[in-house]
Amino acid sequence: MLRLSSDPLFQSFAERALAQSSRGGAEYGECEKTLGRILPGDAAGWHREWTATAAMVESWARESDEQGHRVSAREAYLRATTYYRASYLPLFGAPVDPRLVEAFDHERRCFDRFAELAPHPLHPVAIPFEGGSLPGYLCAPDSGPTPRPVLIGVNGYDSNIHEMYWSHAVPALRRGYVCLLVDGPGQGAALIEDGRTLRPDWETVLRPVVDHALTLPQADPARIAVMGWSFGGALAPRGVSGDPRVAALVADPGLWDPSAVSRALPLPDDLRERLPKVDPAELDPYLAGVADDPIWRWKLVQRALWVHGLESLGEYLVEMSRYHLAEAAAAIACPTLVASAENDPLSTQAQELYDALRCPKKLVRFTADEGSAGHCETWNRSRFDQRVFDWLDEVLAAR
C-alpha cells in the first residue's frame, strides 16, 4: 500500500480519497502533495491543506468551464468534490463544526456542476420521507424510454451520495442500469443539515426509495436491485426484508451482528454478556480509555456518537443491539449476494449472514492475491464490479 502519512488515521483518510483515482475522482500527485504539507495528528492542518487543494482544483474547473471545455471542467469538478469531502473527515462529531458544513457545501456545489456537465443524465432528487425528504441523485445511461434495471445504493456510516457515485453509479451506468443514490438518516446531508440520525428500521427508510424508483419512466419494475456497502451491508438486508418489489440484494460486506464491536472493547465479561440489558452508565467507566487511541476516538467518540445522536459510548453499545438481522434475514425472499473481503474485519460476519438466509444466495470472497482485499474491496472495485454485476445481470435477466 502506498504510504502517504505516518499517521494511521490520516493514512486511512488518504487511501479513501486516492481510491477514487481509478474513476477520475482523484489524482495521486494532488493527494501526495497535499499530504506532504500536513503534520501527523494536526486535524486543523488536514482540513486547511485539503481545502486548499480542493479550491485550487475547483479554480481549474471553473477556468475550463468558462471557456466551454466541458470534459476538462467536469473532470476537475469531480476531483474537487473528493478533496472537499476528504477535508472534513477529521472534523466529525457533535456539535457540528461550521468548517465541516462549509466544506460539505463546497463539495455539493462541485458535484452539482459535475452532474450538469456529465455525459449522461445525472440529476439531484428529493425523496419524500416523514414530513421532509432524503437527498439523492438519479443517474441514467441515457434519456431514452427503454425500461432498464435499477440499482438503489444504500450507504454506510460516513459516506454520502457523492462518494457513492464512483462506487455504485459508474459501474451501473457502464452496464446500462439506472442508478438511484440516496442518503438516509445518519448519512450525508440528512445528518449534516437536517440532523436526522441513524435508525435500525431501514425497511421504513428503503420503502419510499423503492416507491420513488418505481415512478421513474426508465425503471423496469421487475428488475429493482439494492446494494449496500460498508455499514450498508447491515442496513440494506434489513431494508429489503419483506419487500417483494426488490428483485436482488447485494451486501458488501455481509454484516450479521453490528454490535460485535463490543467484543473489541475493554469490558468485564459479565457486562458484555448482559448486553443490551444493562444501564449505559455501568459501561462508561470502562470505556473512558477508548479516546486514547486516535482511530478508535474518531470511529466511536467522534463518528458513532454523532451519527447515532448519542451522548456516551455506553449508550452506543446498547443502541447497536437494535441493529439485528435475525428476523430480517429470514424474511428476505429475493436472490442475495453476500460479499466477504480478506483482511476486512467487518467481513468476518459474512458467513453468518449467508448461513441465515433462506432465499437463493451466493457468497463471494475477495482475496489479497487478486488485489481485492480490504474493506469494500476499495483497491480493486473493478474485480468487485465484475463478479457482482455479472451475477446481477444473470439474476435480473431471469426476471
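Preceding block: the structure.
The structure contained in this document is the topic of the report that follows. Along each chain, residues carry numbers from 1 onward, in the same order as the chain's sequence is written. With pLDDT at 70 or above as the cut-off, local features in this predicted model cover only qualifying residues; side-chain atom pairs require 80 or more to be listed or tallied, and sums for whole chains, interfaces and linings still use all residues. Excluding hydrogens and water, the side-chain values take into account all heavy atoms of the structure.

For the rest of this paragraph, the subject is the overall build of the chain. In this text, helices come from DSSP runs of H or I with a minimum length of four residues, and strands from runs of E with a minimum of two, each type numbered from the N-terminal end. In terms of helices and strands, the chain carries 16 helices and 8 strands. Two things to know: the radius of gyration comes from C-alpha atoms, and the globule rule equals 2.2 Å times the number of residues to the power 0.38. A globule of 399 residues ought to have a C-alpha radius of gyration of about 21 Å, and the chain, at 20 Å, matches this closely. In terms of overall dimensions, the chain has a C-alpha envelope of 65 × 55 × 50 Å along the principal axes. To sort residues, take the accessible area from a 1.4 Å probe on protein chains only and compare it with the maximum for the residue type: under 20% means buried, over 50% means exposed, and anything in between is partly exposed. Looking at the chain as a whole, 59% of its 399 residues are labelled buried. Put simply, of all contacts in the chain between residues at least 6 apart along the chain, 70% involve residues at least 24 apart. Surface summary for the chain: the accessible area is close to 15,900 Å², and the carbon and sulfur share equals 51%. Side-chain charges in the chain split into 40 positive and 55 negative, and the spacing between the mean points of these groups amounts to 4 Å. Contacts: residue pairs with any heavy atoms within 4.5 Å of one another. Only the protein chains shown count as cover for residues, and all accessible areas are computed by the Shrake-Rupley method using a 1.4 Å probe. In this tally, Lys and Arg are treated as positive and Asp and Glu as negative; His is ignored, and so are the chain termini. In this description, the location of a charge corresponds to atom NZ of lysine, CZ of arginine, CG of aspartate or CD of glutamate.

We now examine empty space enclosed by the protein. Grid points spaced at 1 Å over the protein atoms alone were grouped into cavities, where a 1.4 Å probe fits but cannot get out, and pockets, open sets with protein on both sides within 12 Å along at least five of seven lines, with lining residues defined by an atom within 4 Å of a point. Grid points are joined across faces, edges and corners, and a volume is the space filled by probe spheres set on the points. Summed over all chains, the structure comprises 5 cavities of 30 Å³ or more. Counted as a void, the largest cavity has a volume near 100 Å³. What lines the largest cavity is a set of 14 residues, and nearest its centre among them are F92, D158, S159, G188 and I192. Elements that contribute at least two residues to the lining of the largest cavity include exactly α7 (188–192) and α12 (294–308). Ranked by the residues each element gives to the lining of the largest cavity, the list is headed by α7, at 3 residues. We call Asp, Glu, Lys and Arg charged. Ala, Val, Leu, Ile, Met, Phe, Trp, Tyr, Cys and Pro are nonpolar, and the rest, Gly among them, are polar. Tallied by class, the residues present in the lining of the largest cavity amount to 8 nonpolar, 4 polar and 2 charged.

We now examine the environment of V154. With respect to the element layout, V154 can be found in strand β3 (residues 148–154). Setting aside its immediate chain neighbours within four residues, V154 contacts M164, W202, L206, V226, M227, G228, W229, G232, L235 and A236.

Turning to the layout of surface pockets, a few remarks are in order. Put simply, the largest pocket is a space of about 1,400 Å³. Forming the walls of the largest pocket are 46 residues, and the residues nearest its centre are K299, R303, D344, L346 and H375. Every element with two or more residues in the lining of the largest pocket is listed here: α1 (8–18), α6 (161–174), α12 and α13 (313–320). Each pocket or cavity is described by its volume, and for the second largest pocket that value is around 320 Å³. Every residue lining the second largest pocket is counted, 15 residues in all, and those nearest its centre are R23, L78, F114, Y165 and V170. Here the lining of the second largest pocket gets 5 residues from one element, more than from any other, and that element is helix α4 (residues 70–87). For the lining of the second largest pocket, the class distribution of residues is 7 nonpolar, 2 polar and 6 charged.

What follows covers the side chain of T81. With respect to the element layout, T81 can be found in helix α4. What makes T81 buried here is its relative accessible area of 1%. Nitrogen and oxygen atoms within 3.5 Å of one another constitute a polar contact, given that in protein one can donate a hydrogen and the other can accept it, and given that sequence-neighbouring residues count only through two side-chain atoms. Within polar-contact distance, the side chain of T81 engages the backbone nitrogen of F111 at 3.2 Å. With residues up to four places along the chain from it excluded, the contact list for T81 reads E107, C110, F111 and H162.

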